[in-house]
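Residues per chain, in single letters:
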Amino acid sequence: MSTTKTRDLARPAAAQAAPAKPRRGLRGSPTFNFWLFCGPFLIGLAIFVYAPILWSLYLSFFEARFTVTPDKFVGFDNYVYMLTNDDFVGSLGTFTAFAAFIVPTTWALSLGLALLVNRLRFMRAFFRSVFFLPTACSYVAASLIWKMSIFSGVRFGLMNTVLSWFGIENIAWLSDPNPPWYWLVIVTARLWLQSGFYMILFIAALQNIPDELYEAAAIDGAKPGWQTFRHITLPQLRATSTAVVLLLLIAAYQAFDEFYNLLSKTTWGRPPLVELYYKALGESQDYGSGSAGAVILTVLICAVTLLQGKFMGFGRGEESK
């Protein structure tokens, strides 16, 4: 017993205090944790996003009527048909004009709201929430409210009631394309639904502008208001403005819910996605032509986005601005 105790006392203290090495199994590895959390998402993305995109590209080169497993290869015939189809080409032209109007309007309204809310000294969080809440509203629900309550064609609709106070006759907002009053309905609904989200982006960008810039401008004699906004605020919002414009452009060409619910089955005022919906899922069920139109629309969105990003300097370094 004494010999054993002597050996234990002679053993180095460092050896006695050395902790046991932790056993790292598969569960403790970063690779396992990555696939555990990201694996289901990546699998869902591959099955529900990438696989349909690739299959749509495949169908665009085949004659696929009433079937998604075609065997007759037609090459680029579906693309030629869609590019010469008056309804599809007309929807692209019409909604290019729609994007040219709705994008700057939403940008200006969102920036204006952000400037107003950011300058508030009290209840800032309340007004931020009020303007942002419509973003959480369903496009379908908002479209039905606009169609059945605000812009209803009968005299009991809110807008027609207000117009009757000034002696103006009832207007068929969504039933008559001449004049195209339906654009007012669609634009107001989209402004109400989208402006709050982009307002939050602009508020975040405004709060990142250093106060020293405004102080230096005041020392140099810059007047508060338009002069300060033009030479300091707007240049500092360039990156955010570019991102907002790109998102608005993509959203304009992907418009579907409000048009489908507001205009029902009318043949005028259809966006490209609604036109493709009736082409692929209508009476003809032409999946080949519908897929070709979807590919054309995707390429158009990518081209417009890249051109807009190039024009506004998206991704350009600070030194090259």
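In this text, all values refer to a predicted model and were calculated from it rather than measured experimentally. (Residues numbered from 1 in each chain as written. Predicted model: local features only at pLDDT ≥ 70, side-chain atom pairs only at ≥ 80, totals over all residues. Heavy atoms only, no water.)

Asker: Could you clarify how one ought to interpret the side chain of Thr228 in this entry?
Answerer: Assignment of secondary structure puts Thr228 in helix H11 (residues 226-236). The exposure class assigned to Thr228 is buried, which follows from its relative accessible area of 11%. Sequence-distant contacts of Thr228, that is, excluding residues within four places in its chain, are made with Tyr214, Ala222, Lys223 and Thr233. (Helix = DSSP H or I, 4+ residues; strand = E, 2+ residues; numbered from the N terminus. Buried < 20%, exposed > 50% of the residue type's maximum accessible area, 1.4 Å probe, protein only. Contact = heavy atoms within 4.5 Å.)

Asker: What's the story with the packing of aromatic side chains in this structure? I'm lost.
Answerer: Centre-to-centre distance and the angle between the planes together describe a pair of aromatic rings. Evaluated as defined, the whole model comprises 26 aromatic pairs. An aromatic cluster is present here, built from Phe95, Phe98, Tyr182, Trp183 and Phe259 joined pairwise through their rings. (Phe/Tyr/Trp six-rings, centres within 6.5 Å; stacked < 30°, edge-to-face > 60°.)

Asker: Just checking my understanding: could you explain helix H12 (residues 238-253) for this structure?
Answerer: One turn of an α-helix holds 3.6 residues; hence residues three or four places apart share an orientation. Here H12 is 16 residues long and its end C-alpha atoms lie 23 Å apart, about the 22 Å a rise of 1.5 Å per residue gives. Here the buried face of H12 lies against helix H5 (86-118), helix H9 (182-207), helix H14 (272-281) and helix H15 (287-312). (Expected span 1.5 Å × (residues − 1).)

Asker: Got a minute to help me understand the environment of Phe197 in this structure?
Answerer: Position of Phe197 among the secondary structure elements: in helix H9. Judged by relative accessible area, Phe197 falls into the partly exposed class, the value being 34%. Considering only alpha carbons, one finds Phe197 and Phe131, 66 residues apart in sequence, at a separation of 8.3 Å. Residue contacts for Phe197: discarding those within four places in its chain leaves Phe132 and Thr135.

Asker: What should I look at first to understand the packing of H5 against H12 in this one?
Answerer: What describes two packed helices is the angle between their axes and the distance between those same axes. Direction vectors running N to C along H5 and H12 enclose 145°, while the axes themselves pass 9 Å from each other. Crossing geometry of H5 relative to H12 is assigned as right-handed. Taken together, the residues of H12 that come into contact with H5 (itself represented by Phe95, Thr96, Phe98, Ala99, Ile102, Val103, Thr106 and Trp107) are Ser241, Val244, Val245, Leu248, Leu249, Ala252 and Tyr253. Class assignment of the residues belonging to the contact of H5 with H12 gives a composition of twelve nonpolar, three polar and no charged. (Axes fitted to C-alpha atoms, helices over the stretch in contact; angles between N-to-C directions. Left-handed = near helix turned anticlockwise from the far one by under 90°. Nonpolar A, V, L, I, M, F, W, Y, C, P; charged D, E, K, R; others polar.)

Asker: Teacher, can you tell me more about the confidence of the model for the chain here?
Answerer: One rule of thumb: low pLDDT means the predicted coordinates there are not for detailed reading. For the chain, per-residue confidence averages 83 on the pLDDT scale, and residues scoring 70 or more make up 88% of the total. Counting interchain partners and residues more than four positions distant, the pLDDT-below-50 stretch residues 317-321 has two contacts. (pLDDT = per-residue confidence, 0-100.)

Asker: Any chance you could explain the nonpolar core here in plain terms?
Answerer: Nonpolar side chains in soluble globular proteins tend to be buried together. Counting residues in each nonpolar core, the largest one holds 54 residues, and the members touching the most others are Phe98 and Phe259. Looking at this core, the elements with two or more residues in it are helix H4 (77-83), H5, helix H7 (139-150), H9, H12, helix H13 (257-263), H14 and H15. Looking at this core element by element, the count peaks at twelve residues for H9. (Core = buried A, V, L, I, M, F, W, Y, C linked by side-chain atoms within 4.5 Å.)

Asker: I would appreciate a short explanation of a nonpolar patch on the surface in the present structure.
Answerer: There is a patch of nonpolar side chains on the surface, built from Ile43, Ile47, Phe48, Val49, Tyr50 and Ile53 and spanning about 640 Å² of accessible area. Mapped onto the elements of the fold, Val49 is located in helix H3 (residues 30-59). (Patch = residues over 30% accessible without salt bridge, like charges linked within 9 Å, V, L, I, M, F, W, Y side chains within 5 Å. Areas by Shrake-Rupley, 256 points an atom, 1.4 Å probe, with all protein chains shown as cover. Salt bridge = Lys/Arg side-chain N within 4 Å of Asp/Glu carboxyl O.)

Asker: What is the right way to read the environment of Trp173 from this model?
Answerer: Here Trp173 is to be found in the loop between helix H8 (158-165) and H9. Residue contacts for Trp173: discarding those within four places in its chain leaves Phe151, Ser152, Gly153, Met159, Asn160, Leu163, Trp181, Tyr182, Leu184 and Val185. Within the structure, Trp173 has its side chain in polar contact with the side chain of Asn160 (distance 3.2 Å). (Polar contact = N/O pair within 3.5 Å; in protein donor to acceptor, adjacent residues only side chain to side chain.)

Asker: Teacher, can you tell me more about the packing of H7 against H9 here?
Answerer: Where H7 meets H9, the axes come as close as 10 Å, and the angle between the chain directions of the two elements is 135°. What the angle tells us is that H7 and H9 run oblique. Two packed elements cross with a definite hand, and for H7 against H9 that hand is right-handed. Touching Tyr139, Ala142 and Trp146 of H7 are Val185, Thr188, Ala189, Arg190, Trp192, Leu193 and Gln194, all from H9. Residue composition of the contact of H7 with H9, by class: seven nonpolar, two polar and one charged. (Parallel < 35°, antiparallel > 145°, perpendicular 65-115°, else oblique.)

Asker: Quick question: what am I supposed to make of unusual backbone geometry here?
Answerer: In most cases, non-glycine residues show a negative phi, while peptide bonds are predominantly trans. Here the residue pair Asn178 and Pro179 is connected by a cis peptide bond, since its omega of -10° sits within 30 degrees of zero. Here Pro179 lies in the loop between H8 and H9. Of note in the backbone geometry, Phe66 takes a positive phi value of approximately 60° without being a glycine. Position of Phe66 among the secondary structure elements: in the loop between H3 and H4. Given a relative accessible area of 56%, Phe66 falls into the exposed group. Of note, Met123 is a non-glycine position whose phi angle comes to about 55°, a positive value.

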